[in-house]
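This is what each chain is made of:
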Amino acid sequence: MWEIIKQLEELRDQARLGGGRDRIDAQHKRGKLTARERLDALMDPGSFEEMDMFVEHNCTDFGMDKSHVAGDGVVTGFGNIYGRRVFAFSQDFTVFGGSLSETNARKICKIMDMAVNVGAPVIGINDSGGARIQEGVASLAGYAEVFQRNVLASGIIPQISAIMGPCAGGAVYSPALTDFIMMVKDTSYMFLTGPDVVKTVTHEEVTAEQLGGAITHTTRSGVADFAFDNDLVLLKQLRRLFSFLPSSNRAPPPIVLTGDDPKRQDPSLDYLIPNDPARPYDMKELVEKVVDNHDFMEVQAGYAKNIIIGFARLDGHTVGIVANQPMVLAGCLDIASSIKAARFVRFCDCFNIPLVTFVDVPGFLPGTQQELGGIIKHGAKLLFAYAEATVPKITVITRKAYGGAYDVMSSKHLRGDLNYAWPHAEIAVMGPKGAAEIIFRNDIRESADPKAKLQEVTAAYAKNFANPFIAARKGFIDDVIMPHDTRWRVIRGLQSMTGKKLALPWKKHDNLPL
Ligand code: HXC
């Protein structure tokens, strides 16, 4: 008996060494933690239970029969984050570069199946050279099994990917199917084919950082949602993201006692909007002043900055925030911001997270680049997402809500539950000057002083339409609220929407304009 236990402990110690001391040292030298160290930092202390520690690969080609490592390059299991159950896998770069074999794919699939069955999120820590080249099609099959599960689990359990090393090929496609991607600056990369292949095929000279670094993917491609300075910061922020999310689409989002008075007023909000409607202000400041303890976890902060998305709490309840940012492109909707916000709205809707939308939008961004890039189709994604969403939807128009963008941004007409406007709100087909130039074109042209005439008719148009009262008279705005009272009014609104149930007509699935 004692002999067996001793043997077991030896086998465990050996498995924990992965690819060996030298490779672990090399991992540390690069500023990276090992697969197991990462899981320890991610989970509540002592809560991680490893499964399949002794699994080995079954490949016999290219001398692989002489090279086995217990666990085969991926650590899988379950544990807790803030006391809540989570399943996770963490690829071990010290074992065949964390590459995916048929057997280690089976380990990942096993925990994914368990997570879906019990309704708990899956976190994947990726540090992998992709398909294990020695295994050929067996490895590709393993990837496809993982991809299939990613797709079936989508909308049922939250799936979060951490990219914590050079990830290539299949190692980036599974994360792409998940809900959020976090990357580490300078040590993590995502590309289908690396710089060498790029050079051979297209003769382009590009560094790994330029092609697939954290900054590239969080500011240019929009593939990743977050970039952090090192492994530990990422894992801490992953715990924070997790704290906002429900365990599954069958579980309510967690409630956290934040201690922030729901009736807290913020008088500075009354002075946030500049007198000149052409001048910007920082929408992020507005959001932070409204939410519990100013704690706003922004998603995709570096990409399509003309729209802000992220998670916060109101009276302890998770909400998804979507807000136009007047400081960037005057807050116009364009292709990138529409896609960014649409995906976020759909995530929140999947997981019963109410949406709070702050609107200050002068319209869709005009121009050939946008039109030829397909803004019609991409803008429609956001319209589609808001229209199909059945979670509680509360909208606050802080200033401009012009044209189609008014309709899109969670308007009453897209089943907005409570639509509020600040007194400064201007709800119209377009800005007063543009509108006056069109409808008073002849008057302006025939006037002795066209400039003065334009000013006069613009002022008249603004007086009639650049306010929230016409929309309020029609019931499109439920109330005009004081800015300092926004937090309490939104919290009251959310309380009034508790238990909302709205069924969509039966369909196999919709046909989002992709
Ligand atoms: C087997 C691999 C491997 C792989 C790396 N290794 N990738 N072994 N299969 N895919 C091994 C290396 O041989 C090496 O072993 C060890 O891991 C560390 O790799 P290094 O190259 O020394 O590390 P580094 O310089 O940091 O470079 C990391 C890397 C590079 C950028 C990931 O290894 C690389 O480019 N690997 C190949 C990437 C790739 O083309 N993968 C297949 C993609 S196709 P030793 O013993 O020498 O230390 C794919 C298909 C799925 O994934 C597609 C689905 C849609």
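Scroll up to find the structure.
Residues numbered from 1 in each chain as written. Predicted model: local features only at pLDDT ≥ 70, side-chain atom pairs only at ≥ 80, totals over all residues. Heavy atoms only, no water.

Caption draft 1: Looking closely at the packing of aromatic side chains. Summed over all chains, the structure comprises 10 aromatic pairs. Centroid distance Phe180 to Phe311: 5.9 Å. Interplanar angle 75°. Geometry classified as edge-to-face. Taken together, the residues Phe180 in strand β7 (residues 180–184) and Phe311 in strand β11 (residues 307–314) connect sequence positions 131 residues apart. The exposure classification of Phe180 matches that of Phe311, with both residues buried. Taken together, a centroid distance of 6.0 Å and an interplanar angle of 75° make the contact between Phe311 and Phe347 edge-to-face. Taken together, the residues Phe311 in strand β11 and Phe347 in helix α12 (residues 335–350) connect sequence positions 36 residues apart. With a relative accessible area of 0%, Phe311 lands in the buried category. In textbook terms, an aromatic cluster arises when at least three aromatic residues are bridged by ring pairs, as seen for Phe180, Phe244, Phe311, Phe344, Phe347 and Phe351. Its guanidinium or amino end placed over the ring of Tyr82, Arg239 lies 4.5 Å from that ring's centre, counting from NZ or CZ. Over the ring of Tyr420 we find Arg489, and its NZ or CZ is 5.2 Å from the ring centre. (Phe/Tyr/Trp six-rings, centres within 6.5 Å; stacked < 30°, edge-to-face > 60°. Helix = DSSP H or I, 4+ residues; strand = E, 2+ residues; numbered from the N terminus. Buried < 20%, exposed > 50% of the residue type's maximum accessible area, 1.4 Å probe, protein only. Lys NZ or Arg CZ within 6 Å of the ring centre and 35° of its normal.)

Caption draft 2: Structural context of helix α5 (residues 137–153). End to end, α5 covers 24 Å across 17 residues, agreeing with the expected 24 Å (1.5 Å per residue, within 8%). Every buried residue of α5 is listed here: Ser139, Gly142, Tyr143, Val146, Asn150 and Ala153. One side of α5 holds all its buried residues, which, seen down the axis, span an arc of 95°. Exposed residues lying more than 90 degrees from the buried face of α5 are Val137, Leu140 and Leu152. Elements in contact with the buried residues of α5: α4 (102–118), β5 (159–163) and α6 (170–176). Looking at the residues trailing α5, positive phi occurs at Gly155, about 85°. (Expected span 1.5 Å × (residues − 1). Arc of directions from axis to C-beta. Contact = heavy atoms within 4.5 Å.)

Caption draft 3: Fine view of the sheet that holds strand β2 (residues 74–81). Strand order in the open sheet formed by seven strands is β1-β2-β3-β4-β5-β7-β9, and the pairing between neighbours is mixed. In this open sheet, the two strands that pair with only one neighbour each are β1 (49–51) and β9 (226–228). Strand-to-strand, the axes of this sheet are offset by a mean angle of 20°, without reference to chain direction. Two elements, β1 and β2, share three bridges in a ladder whose sense is antiparallel. When the bridges of β2 are listed, Glu49 appears paired with Phe78. With respect to the sheet, helix α3 (residues 35–42) is in contact with β1, β2, β3 (84–91) and β4 (122–126), its orientation differing from that of β3 by roughly 160°. (Pairing = 2+ DSSP bridges. Axes fitted to C-alpha atoms, helices over the stretch in contact; angles between N-to-C directions.)

Caption draft 4: Up close: α3. The set of residues buried in α3 consists of Ala35, Arg36, Arg38, Leu39 and Leu42. Viewed along the axis of α3, the buried residues span an arc of 155°, placing them on a single side of the element.

Caption draft 5: The arrangement of the pairing of β4 in detail. The element β4 is extensively covered by neighbouring structure, given that five of its five residues are classed as buried. Side chains of β4 alternate between two faces, with Val122, Gly124 and Asn126 and Ile123 and Ile125 buried alike. For the handedness criterion, the β-α-β arrangement of β3, α4 and β4 is classed as right-handed. (Right-handed = clockwise from strand over helix to strand, strands pointing away.)

Caption draft 6: Representation of the layout of surface pockets within the structure. Reported here for the largest pocket is a volume of approximately 1600 Å³. If you go around the largest pocket, you meet 44 residues; those closest to its centre are Ser154, Arg343, Arg346, Phe347 and Leu512. Only α5, α6, β7, α12 and α14 (375–388) provide two or more residues apiece to the lining of the largest pocket. If you tally residues by element for the lining of the largest pocket, the top one is α12, at 10 residues. Of the residues belonging to the lining of the largest pocket, the class tally is 22 nonpolar, 11 polar and 11 charged. Here the second largest pocket defines a volume of roughly 630 Å³. If you go around the second largest pocket, you meet 25 residues; those closest to its centre are Asn352, Pro354, Pro392, Thr498 and Gly499. Those elements giving two or more residues to the lining of the second largest pocket turn out to be β12 (317–324) and α20 (486–496). For the lining of the second largest pocket, the element with the highest residue contribution is α20, accounting for three residues. (1 Å grid on protein atoms, 1.4 Å probe; cavity = no way out; pocket = protein on both sides within 12 Å on 5 of 7 lines; lining within 4 Å. Points joined across faces, edges and corners; volume = space filled by probe spheres on them. Nonpolar A, V, L, I, M, F, W, Y, C, P; charged D, E, K, R; others polar.)

Caption draft 7: Representation of the site of the ligand. Not every one of the 20 residues close to the ligand is listed here, only the nearest: Arg23, Gly97, Gly129, Ala131 and Gly170. The backbone of Gly129 places a nitrogen or oxygen atom 2.6 Å from a nitrogen atom of the ligand. Here a nitrogen atom of the ligand sits 2.8 Å away from a polar atom, N or O, in the main chain of Ala131. Every element with two or more residues in the shell around the ligand is listed here: α5, β6 (166–168) and α6. With three residues, the single largest contributor to the shell around the ligand is α5. Residue classes in the shell around the ligand are distributed as 10 nonpolar, seven polar and three charged. (Near = heavy atom within 4 Å. Polar contact = N/O pair within 3.5 Å; in protein donor to acceptor, adjacent residues only side chain to side chain.)

Scope: geometric values only; no functional claims are made or implied.
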